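Examination of the molecular architecture
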Amino acid sequence: MRLATWNVNSIRARVDRIVDFAVREHIDVLAMQEIKCKTEQFPFEKFEAAGFEVEAYGFSQWNGVAIASRKPIENVRTAFPDMPGFAKGHEGPDAPQEARALGATIDGVEVWSLYVPNGRALGDPHYDYKLHWLKALEQYTRQTLAASPDLPLALVGDFNIAPTDADNGDPTVVQGFATHVSPPEREAFAAIEAAGVHDVVRPLVPTGFTYWDYKQLRFPRNEGMRIDFVLGSSALADAVTGAEIHRNERKGEAPSDHVPVVVDLDFASDEDDDDRPMIF
DNA sequence: ATGACTTGGTAACCAAGA
């Protein structure tokens, strides 16, 4: 299975570019974030014409997640347990959930397309929401893997956290003043990893960004951030045979501000057949 | 110079992104 994740920043604004990528790169499963449309507005036909079926989930111009797959998408969920909600003027435990998570089982792999809340600013209600959202994801991860230790689980998407200083090349994102690099966010990311999922891309692609702001020539200056990840359980990580960050997708006509991250998985290979990198 | 992009929705700006 060739699995990719991409914050597309509006599916309707660049659907041809995204389908072209999926076809050209022989992607089997493409998790998308920030589709920026309602479910019924998703351009399903363009994906279907290319051999994909699609599950999409969105209900406003904000957020929205989707999964396109060449194989059947089963057991679809639009939230993980205790996922908190958020709405302007409607904070607290009763706030409605947003379209930020889409889980499914595809060919035996549990895949979640995740769009972690941005946080907006330190001290903003959205920042607390982000931390609560990450805590609920951590708890779901721990409980799921406690019940099914051998489950191939992939948490993929835009985590809106640069886990290390090397993952932040944007000079305006300064610790103490900005989200994405604050210690509580980094601790929340580490806690999810401690719950049993690992960044399966970094061992194979140790450097490189996945996002560059549209403003201030951030891409030509390569002042980006690594905030899009594929976190895999042990069973998933053991199947990884390759990983790529497709930096070229930030170039050309009307790019997203994020680029796709791709992982190759081979569940059939014999454990003793050691012709692939041992990363864990 | 407290911003310099891009998107979608709405009604000519505005919220949101990170």
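Fair warning: this is a prediction, and the values are worked out from it, not measured in the lab.

Across soluble globular proteins, nonpolar side chains have a tendency to be buried as a group. Leu-3, Ile-67, Val-200, Val-201, Val-230, Val-263 and Leu-265 are the most contacted members of the largest nonpolar core, which has 31 residues in total. When residues of this core are traced back to their parent elements, those giving at least two are β2 (29-33), β4 (65-69), β6 (101-106), β7 (109-115), β8 (153-158), α5 (234-237), β11 (240-245) and β12 (261-265). Within the second largest apolar cluster, 25 residues are counted, among which are Trp-133, Leu-137, Tyr-140 and Leu-145.

In this section: the UniProt feature "binding site: Mg(2+)" (unreviewed entry) in chain A. In this structure's numbering, the residues bearing the UniProt feature "binding site: Mg(2+)" (unreviewed entry) are Asn-7, Glu-34, Asp-158, Asn-160, Asp-257 and His-258. Sequence-wise these annotated residues cover 252 residues; spatially they are packed, their C-alpha atoms never more than 12.8 Å apart. With respect to the secondary-structure elements, Asp-158 resides in strand β8. Excluding its chain neighbours within four sequence positions, the residues that come into contact with Asp-158 are Asn-7, Gln-33, Leu-114, Tyr-115, Val-116, Ile-227, Asp-228 and His-258. Here Asn-7 takes part through its side chain, which lies 2.9 Å from a polar atom of the side chain of Asp-158. As for its placement among the helices and strands, Asn-160 is situated in the loop between β8 and α4 (183-194). Judged by relative accessible area, Asn-160 falls into the buried class, the value being 5%. For Asn-160, the contacting residues outside a window of four places in its chain are Tyr-115, Val-116, Pro-117, Asn-118, Lys-130, His-180, Glu-185 and Ile-227.

For α4, built from twelve residues, the straight-helix expectation of 16 Å at 1.5 Å per residue is met to within 8% by its first-to-last C-alpha distance of 16 Å. Within the sequence span of α4, burial applies to Glu-185, Arg-186, Ala-188, Phe-189, Ala-191 and Ile-192. If you follow the buried residues of α4, they end up packed against α3 (125-147), β8 and β10 (228-232). Looking one or two residues beyond α4, the residue adopting positive phi is Gly-196, at roughly 130 degrees.

Basis of the calculations
Residues numbered from 1 in each chain as written. Chains lettered and ligands numbered in written order. Predicted model: local features only at pLDDT ≥ 70, side-chain atom pairs only at ≥ 80, totals over all residues. Heavy atoms only, no water. Core = buried A, V, L, I, M, F, W, Y, C linked by side-chain atoms within 4.5 Å. Buried < 20%, exposed > 50% of the residue type's maximum accessible area, 1.4 Å probe, protein only. Helix = DSSP H or I, 4+ residues; strand = E, 2+ residues; numbered from the N terminus. UniProt positions renumbered as here; feature names shortened; annotations may be inferred. Contact = heavy atoms within 4.5 Å. Polar contact = N/O pair within 3.5 Å; in protein donor to acceptor, adjacent residues only side chain to side chain. Expected span 1.5 Å × (residues − 1).

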